[in-house]
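# Observations on the model geometry
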Amino acid sequence: MLIRSKRSWELPESMVTDEAVFFNRRKFLTGSMATAGIGLIGAGAPTAVAEVDPSAGLYPVPNNPAYTADRAIAPESITSYYNNFYEFNSPYDFSFSKNIADEAQALPIRPWEIRIDGEVEKSFTIGIDELLSKVSLEERIYRHRCVEAWSMVVPWAGFQMSELVKLANPLSSAKFVYMETFLNPEVAPGQKTKSYPWPYREAITIEEATNELAFLVTGVYNKPMLKQYGAPLRLALPWKYGFKSIKSIVRFRFDSSEPETFWHEVAPREYGFWANVNPKVPHRRWSQATERDIGTRERFPTKLFNGYEEQVAHLYTGMESLGKTLYR
Ligand code: MTE
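Residues numbered from 1 in each chain as written. Predicted model: local features only at pLDDT ≥ 70, side-chain atom pairs only at ≥ 80, totals over all residues. Heavy atoms only, no water.

### Side note on the nonpolar core
Grouped together as the largest cluster of nonpolar side chains are 91 residues, with contacts concentrated most on Met-161, Trp-239, Phe-252 and Phe-254. Sorting elements by how many residues they give to this core places strand β6 (residues 150–160) first, with six residues. If sequence neighbours within four positions are ignored, Trp-239 has contacts with Glu-208, Asn-211, Leu-213, Ala-214, Asn-276, Val-277, Phe-305, Asn-306, Tyr-308, Val-312, Leu-315 and Tyr-316. (Core = buried A, V, L, I, M, F, W, Y, C linked by side-chain atoms within 4.5 Å. Buried < 20%, exposed > 50% of the residue type's maximum accessible area, 1.4 Å probe, protein only. Helix = DSSP H or I, 4+ residues; strand = E, 2+ residues; numbered from the N terminus. Contact = heavy atoms within 4.5 Å.)

### Topic: unusual backbone geometry
In this chain, Trp-198 is followed by Pro-199 through a cis amide linkage whose omega measures 0°. Mapped onto the elements of the fold, Pro-199 is located in the loop between β7 (176–181) and β8 (201–205). The residue after Ala-231, namely Pro-232, is reached through a cis peptide bond having omega 0°. With respect to the helices and strands, Pro-232 occurs in the loop between β10 (223–224) and β11 (234–236). One non-glycine residue, Arg-297, adopts positive backbone phi at about 65°. In this structure Arg-297 comes out as partly exposed when scored by relative accessible area, which is 48%. With phi around 55°, Asn-306 is a residue other than glycine that occupies positive phi space. Structurally, Asn-306 can be placed in the loop between β14 (299–301) and α8 (309–312).

### What about the site of the ligand?
Neighbouring the ligand are 19 residues; Tyr-86, Glu-87, His-144, Arg-234 and Lys-247 lie closest to it. The separation between a nitrogen atom of the ligand and a polar side-chain atom of Glu-87 is 2.8 Å. For the ligand, whose accessible area on its own is 530 Å², the fraction buried by protein is 100%. Here the shell around the ligand is composed, by residue class, of 10 nonpolar, six polar and three charged. (Near = heavy atom within 4 Å. Polar contact = N/O pair within 3.5 Å; in protein donor to acceptor, adjacent residues only side chain to side chain. Areas by Shrake-Rupley, 256 points an atom, 1.4 Å probe, with all protein chains shown as cover. Nonpolar A, V, L, I, M, F, W, Y, C, P; charged D, E, K, R; others polar.)

### Topic: the sheet that holds strand β4 (residues 124–127)
In any sheet, the strands associate via hydrogen bonds between backbone groups, in a parallel or an antiparallel arrangement. As summarised here, the arrangement of the five strands in space is β4-β3-β12-β7-β8, forming an open sheet in which the pairing is mixed. Across the chains shown, the open sheet's two edge strands, defined by having one partner strand only, are β4 and β8. Within this sheet the neighbouring strands show an average axis-to-axis angle of 20°, counted without direction. The sheet contact formed by β7 and strand β12 (residues 249–255) spans six bridges and is antiparallel. Directly across from Thr-181, in β12, lies its bridge partner Ile-249. Running at roughly 65° to β12, helix α5 (residues 161–168) makes contact with β3 (113–118), β4, β7, β8 and β12 of the sheet. (Pairing = 2+ DSSP bridges. Axes fitted to C-alpha atoms, helices over the stretch in contact; angles between N-to-C directions.)

See below:
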């Protein structure tokens with residue numbers, strides 16, 4: 001994520017990762033880790049070898065054929081080393097490396113309690129494994145488009161967010177769902193910097209949260225999600241830029257008015273509340289007309305709502321002018 005204002009945390013535009021540089025670095029790291037005999041399993045994805053995820057027995061889950069993509073699924077050996085998870089960057093890493101896989105393994109994901117509160121019938125806290133026992137898991141192939149103009153096709157596993165909204169039993173006064181990531185600077189060194197307003201926070205409207213596409217992710221590649229993707233619970237909103245898809249969620253709060261969010265607070269003129277993918281509305285510093293697919297390394301034209309217009313366009317009819325609505 002790149003930001004505009006001239007402060008200590010500002011990233012120069014030159015920091016947008018050049019794929020050639022990234023893939024060379026990745027090749028080097030894979031080679032050196034393999035030589036050292038650490039952390040690589042299966043398709044080259046890093047994992048905490050000694051730790052077995054208690055939800056492993058729930059996978060594989062059935063694929064939902066209604067959600068598929070017109071591009072190849074990106075290999076796990078690439079996507080598991082290309083992650084935006086700023087909590088795991090060093091506070092001194094102003095290049096915001098995407099190779100945070102090893103650092104992310106420090107995150108304890110059991111016990112993992114999730115708080116549901118705000119404008120709901122009754123607030124409660126639920127452990128991730130109990131939550132998993134109350135929902136139906138399925139696999140969905142989604143396109144994933146970052147505001148930094150890269151994209152990938154990912155086989156997420158999880159459940160429709162509307163199931164969580166139903167469990168929460170919101171009051172009619174609830175208009176927004178606000179979500180928060182864990183706060184633990186001891187394991188997440190990025191949270192030691194005072195330049196960002198931790199914890200990471202995001203929010204969407206109730207109509208967005210109950211749209212069929214809003215998906216709470218618990219697995220990837222049909223097994224429990226590795227920590228760098230946001231284990232044990234993250235969001236996937238495929239029609240919005242990736243920064244809305246908050247990782248490692250510990251709280252869902254139902255609000256009557258629009259809550260402040262992490263990137264909006266950091267750089268309000270660059271990262272709007274709606275953040276719907278729109279090729280016609282450039283970022284203040286680069287075009288959003290095309291995107292580089294991280295899996296195939298090909299460049300594709302970006303589609304309005306990332307190609308999910310049919311499912312979500314109705315959520316935004318009658319709002320401000322199209323451009324403003326989509327980027328505000
Ligand atoms: N959630 C948290 N807690 N911290 C983050 O840094 N990065 C966001 C989003 N969710 C982020 C986050 C951004 S900018 C993107 S593009 C996606 O996660 C990246 O998800 P991926 O690493 O699975 O591709």
